[in-house]
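Coordinate analysis (summary)
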Amino acid sequence: MRGNPKYKLNEYVRFTVGDVIKNGTIYIIDKYGTFFDDNDVSYDIMVAEENCLYKHIREDFVSKISK
């Protein structure tokens, strides 16, 4: 999937961190790989309620939701 992100900037998504499910907005798209797989897309996702930016979330941990 390298270079072809499934989600767009500012898109509202659901993602998992460990066993916790969070909702946030795509803030940055890392199109050319993650720390663990240079063929995978990752995202930096802002969770406004926590004022926290979650970095390098792998695309397979992200899904689209309606706001």
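Residues numbered from 1 in each chain as written. Predicted model: local features only at pLDDT ≥ 70, side-chain atom pairs only at ≥ 80, totals over all residues. Heavy atoms only, no water.

Before going further, it helps to spend a moment on the packing of aromatic side chains. Enumeration according to the criterion identifies two aromatic pairs in this entry. With a centroid separation of 5.8 Å and an interplanar angle of 65°, the aromatic rings of Tyr7 and Tyr43 are classed as edge-to-face. You can see Tyr7 sitting in the segment before strand S1 (12-17) and its partner Tyr43 sitting in strand S3 (residues 42-47), a full 36 residues away along the chain. Accessibility assignment for this pair places Tyr7 and Tyr43 in one class, buried. For Arg58, the ring lying beneath its charged end belongs to Phe61, and the centroid distance is 5.4 Å. (Phe/Tyr/Trp six-rings, centres within 6.5 Å; stacked < 30°, edge-to-face > 60°. Helix = DSSP H or I, 4+ residues; strand = E, 2+ residues; numbered from the N terminus. Buried < 20%, exposed > 50% of the residue type's maximum accessible area, 1.4 Å probe, protein only. Lys NZ or Arg CZ within 6 Å of the ring centre and 35° of its normal.)

Attention shifts here to the side chain of Lys22. Among the secondary structure elements, Lys22 is positioned in strand S2 (residues 20-30). Overall, Lys22 belongs to the buried group, its relative accessible area being 15%. At a separation of 2.7 Å, a polar atom in the side chain of Lys22 contacts the side chain of Glu50. Within polar-contact distance, the side chain of Lys22 engages the side chain of Tyr54 at 3.3 Å. Setting aside residues up to four positions removed in sequence, Lys22 forms contacts with Val13, Arg14, Phe15, Val17, Val47, Glu50 and Tyr54. (Polar contact = N/O pair within 3.5 Å; in protein donor to acceptor, adjacent residues only side chain to side chain. Contact = heavy atoms within 4.5 Å.)

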